[in-house]
Structures are given as structure tokens and as C-alpha cells.
Amino acid sequence: MIYDRPGKWWQVNSMLKLKDVDLAVVGLGYVGLPLAVEFGKRMRVVGFDISRARVGALNSGHDATREVSDGELKSASGLSFCLEPRELAGCNEFIVTAPTPIDELYSRISTAGTHI
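Reading the values: the criteria
- Residues numbered from 1 in each chain as written.
- Predicted model: local features only at pLDDT ≥ 70, side-chain atom pairs only at ≥ 80, totals over all residues.
- Heavy atoms only, no water.
- Helix = DSSP H or I, 4+ residues; strand = E, 2+ residues; numbered from the N terminus.
- Contact = heavy atoms within 4.5 Å.
- Areas by Shrake-Rupley, 256 points an atom, 1.4 Å probe, with all protein chains shown as cover.
- Salt bridge = Lys/Arg side-chain N within 4 Å of Asp/Glu carboxyl O.
- Buried < 20%, exposed > 50% of the residue type's maximum accessible area, 1.4 Å probe, protein only.
- Pairing = 2+ DSSP bridges.
- Axes fitted to C-alpha atoms, helices over the stretch in contact; angles between N-to-C directions.

*Asks:* Would you take a moment to explain the overall build of the protein chain for this structure?
*Replies:* Broken down by element type, the protein chain carries 4 helices and 6 strands. Start at the N end of the protein chain and walk to the C end: the helices and strands fall as β-β-β-α-β-α-α-β-β-α. Here the contacts in the protein chain between residues at least 6 apart in sequence split such that 64% fall between residues at least 24 apart. Working note: accessible area of the protein chain is about 7400 Å², and carbon and sulfur atoms make up 55% of it.

Here you go:
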């Protein structure tokens, strides 16, 4: 069941099977990156961030914030990283882990949302 608004619940009748999920994690900070890595050990995941330096470091196999080790990154064989929102177009499920304040949150969501 999914919560819709105060006092209202509705049943989802057609859930995707896990094998049919193409997942994107938007925002690769201290919440998003470990989450993307764990999912990436089991399935295809696209990790998106607006920081060119962040995506470049992750693509080279290193997390400068040390949230995850280089070994953990390597073990997430289904995980890829991108900077371009158009690379999210093939995804059908999204987890948004963007920071506050709301201005930056809106920036990440609206950037990603243009290609969803």
C-alpha cells in the first residue's frame, strides 16, 4: 500500500518485478553513494550527481569522502556513475538523496527530472 494523502491509502496492483527495475540514485553523498553501492552489488544502478569532480572520482574507483572503500566500489559491478541527466532516461525507478537547503535539492531534482 502507498500513502497518498492524509487518511487515504491506495493499493498498487502492478508492482515491477525486481529483474525489471532499472534503478537510479540521484545524489551521491553520504546517503546516496552507500545506497547505490549496495544496490549495485545486486542489480544495475545508475548513480547521478551534478558534481563533475565527484562523478569523475567515482568513475575512477575512489570515494574521496571515504563513505565507501575502493574495494566496495569495485564490488558493485552493476553500478555506473553519470553526470548527464539524459543518462537517466532508461531508468524506471528513482531514489532521490539530495541535500538541503531546498534550493540545492530543487536543483538536483529538476536537473534529473528533465530526462525522466
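Having seen it, we continue.
*Asks:* What's the story with the pattern of salt bridges in this structure? I'm lost.
*Replies:* Where charged atoms of side chains with opposite charge meet at close range, the side chains can pair. For the structure shown, the criterion picks out 6 salt bridges. Between Lys41 and Glu38 there is a salt bridge, with the nearest N and O atoms lying 2.9 Å from each other. Residue classification places Lys41 among the partly exposed positions, given a relative accessible area of 33%. A salt bridge links Arg42 to Glu38; the nearest nitrogen and oxygen atoms lie 3.6 Å apart. Its relative accessible area of 34% is what places Glu38 among the partly exposed residues.

*Asks:* Whenever I open this one, the sheet that holds strand β4 (residues 45–48) confuses me. Can you help?
*Replies:* Hydrogen bonds between backbone atoms are what pair the strands of a sheet, whose relative direction is either parallel or antiparallel. Ordered in space as β5-β4-β3-β6, the 4 strands form an open sheet in which the pairing is parallel. A strand with exactly one partner marks an edge of an open sheet, and here the two such strands are β5 (79–82) and β6 (93–96). Pairwise comparison of adjacent strand axes, ignoring direction, gives a mean angle of 20 degrees for this sheet. As judged from the 4 bridges shared by strand β3 (residues 23–26) and β4, these two strands associate in the parallel manner. Counted as the bridge partner of Val25 is Gly47 from β4. Packed onto the sheet, helix α1 (residues 32–40) meets β3, β4, β5 and β6 and runs at close to 140 degrees relative to β5.

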